Amino acid sequence: MKQLIVYSHPNPLSFNHAILEALGGALKAQGDEVHVRDLYALQFDPVLKAVDFEAIHKGGVTEDVKVEQDQVRWADVITFIFPVWWASMPAITKGYIDRVFSHGFAYSYGANGAQGLLGGKKVMLITTQGAPEAYYAGNGMLQSMSQTIDDGIFRFCAMELLGHRAFGEVPSTTPENRAKMLAEVIQMAATLK
Ligand SMILES: Cc1cc2nc3c(=O)[nH]c(=O)nc-3n(C[C@H](O)[C@H](O)[C@H](O)COP(=O)(O)O)c2cc1C
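Describe in detail the overall build of the protein, supporting the description with residues and values.
Helices and strands together make up the secondary structure of the protein, namely seven helices and seven strands. Going from N to C terminus, the protein has its helices and strands arranged as β-α-β-α-α-β-α-β-β-β-α-α-β-α. In terms of C-alpha radius of gyration, the protein reaches 17 Å, essentially the compact-globule figure of 16 Å for 193 residues. Along the three orthogonal principal directions, the C-alpha set of the protein runs to about 55 × 40 × 30 Å. Within the protein, buried positions represent 33% of all 193 residues. Long-range pairs, those at least 24 residues apart, make up 80% of the contacts in the protein with a sequence separation of at least 6.

Here it is, written out as structure tokens:
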């Protein structure tokens, strides 16, 4: 399988980085081809600007967006790894979606309304948060994020959602629990197909 990982965290010592290493290693071990787009390391510009709209109106995209769209075209499965910041994704991840999942590439508007253009692609989300999983499940926050991210972005673009695993209490939990989370990530690799 062609596995694309879109990774967003500025700190190489973060738990998100440990997830990236665990998942990337497990995917390679099962024989998958793995491409990682580390948005901070790439210094990806997340700000949608006039030049993006000008390019789209001319039927194209800017060079940096084309590079990322080619990666999406290439991939069978795309896994996003990011921390929850203010009950959503980091700005750099949101900006990647704003710019890379562009009109004419990820979706279009026609006579019958909006149409997703990324059918056939599968997507997995692995997120981390400070809040306990049960707390965010109980107060509706997980459901809200699932609606705005899973439905509002990925299903809107006709992608098949393989899963959205939200690991809770990451900053406060024990090293043993973090090791269990990473073991789960390694097990997850076999399901990303
Ligand atoms: C700017 C910022 C905003 C955050 N907002 C939330 C939030 O809304 N909900 C939450 O549960 N945790 C929040 N957190 C905590 C992070 O999600 C948590 O520290 C992170 O997932 C731990 O993973 P890491 O070690 O890889 O950074 C926030 C952290 C930062 C830095």
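Here the narrative resumes.
Tell me what's going on with helix H4 (residues 91-100), and back it up with residues and numbers.
Within an α-helix, residues lying three or four positions from one another point in the same direction, as the helix has 3.6 residues per turn. Among all positions in H4, only Ile-92, Thr-93, Tyr-96, Ile-97, Arg-99 and Val-100 are buried. Among the structural elements, strand S1 (2-7), helix H2 (50-57), helix H3 (63-74), strand S3 (77-83) and helix H6 (141-155) are those in contact with the buried residues of H4.

Outline the pairing of strand S2 (residues 33-38), listing residues and values.
Looking along a regular strand, one sees the side chains alternate between the two faces of the sheet. Note: S1 against S2, six bridges, orientation parallel. Residue Lys-2 lies in a different strand from S2, and its bridge partner there is Glu-33.

Can you lay out the site of the ligand for me, pointing to particular residues and giving the numbers?
Among the 15 residues in the neighbourhood of the ligand, the closest are listed as Ser-14, Pro-83, Thr-128, Gly-130 and Ala-131. In terms of residue class, the shell around the ligand is built from nine nonpolar, six polar and no charged.

Report on unusual backbone geometry, specifying residues and quantitative values.
Positive phi values are uncommon outside glycine, yet Gln-43 reaches one of about 50 degrees. Mapped onto the elements of the fold, Gln-43 is located in the loop between S2 and H2. C-beta crowding within 10 Å serves as the criterion here: with 9 such atoms nearby, Gln-43 is assigned to the exposed category. Phi is positive for Glu-169, close to 55 degrees, though the residue is something other than glycine. For Glu-169, the location among the structural elements is in the loop between strand S7 (160-167) and helix H7 (175-188).

How would you sum up the pairing of S1? Please name residues and give values.
Counting buried positions along S1 yields five of six residues, so the element is predominantly enclosed. Handedness of the crossover joining S1 and S2 through helix H1 (residues 15-29): right-handed. Sheet analysis places S1 next to S3, joined by five bridges and oriented parallel. The residue of S3 that forms the bridge with Gln-3 is Val-77.

How would you explain the packing of H1 against H7 if you had to name every residue and give the values?
At a closest axis distance of 8 Å, the pairing of H1 and H7 adopts a crossing angle of 35 degrees. Seen along the crossing, H1 lies across H7 with a hand that is right-handed. Residue-level inspection shows Phe-15, Ala-18, Ile-19, Ala-22, Leu-23 and Ala-26 of H1 in contact with H7, the latter providing Arg-178, Leu-182, Val-185 and Ile-186. Here the residues of the contact of H1 with H7 are counted per class, giving nine nonpolar, no polar and one charged.

If you had to explain the nonpolar core to someone new, which residues and values would you point to?
Counting residues in each nonpolar core, the largest one holds 44 residues, and the members touching the most others are Ile-5, Val-6, Leu-23, Ile-78, Ile-81 and Tyr-96. Looking at this core, the elements that each hand over two or more residues are S1, H1, S3, H4, strand S6 (122-128), H6 and H7. Sorting elements by how many residues they give to this core places S3 first, with five residues. Every residue in contact with Tyr-96, bar those within four places of it in the chain, is listed here: Val-6, Leu-39, Phe-44 and Pro-46.

Basis of the calculations
- Residues numbered from 1 in each chain as written.
- Predicted model: local features only at pLDDT ≥ 70, side-chain atom pairs only at ≥ 80, totals over all residues.
- Helix = DSSP H or I, 4+ residues; strand = E, 2+ residues; numbered from the N terminus.
- Rg over C-alpha atoms; globule rule 2.2 N^0.38 Å.
- Buried ≥ 20, exposed ≤ 12 C-beta atoms within 10 Å, placed from the backbone.
- Contact = placed C-beta atoms within 7 Å.
- Pairing = 2+ DSSP bridges.
- Near = placed C-beta within 6 Å.
- Nonpolar A, V, L, I, M, F, W, Y, C, P; charged D, E, K, R; others polar.
- Right-handed = clockwise from strand over helix to strand, strands pointing away.
- Axes fitted to C-alpha atoms, helices over the stretch in contact; angles between N-to-C directions.
- Left-handed = near helix turned anticlockwise from the far one by under 90°.
- Core = buried A, V, L, I, M, F, W, Y, C linked by C-beta atoms within 7 Å.

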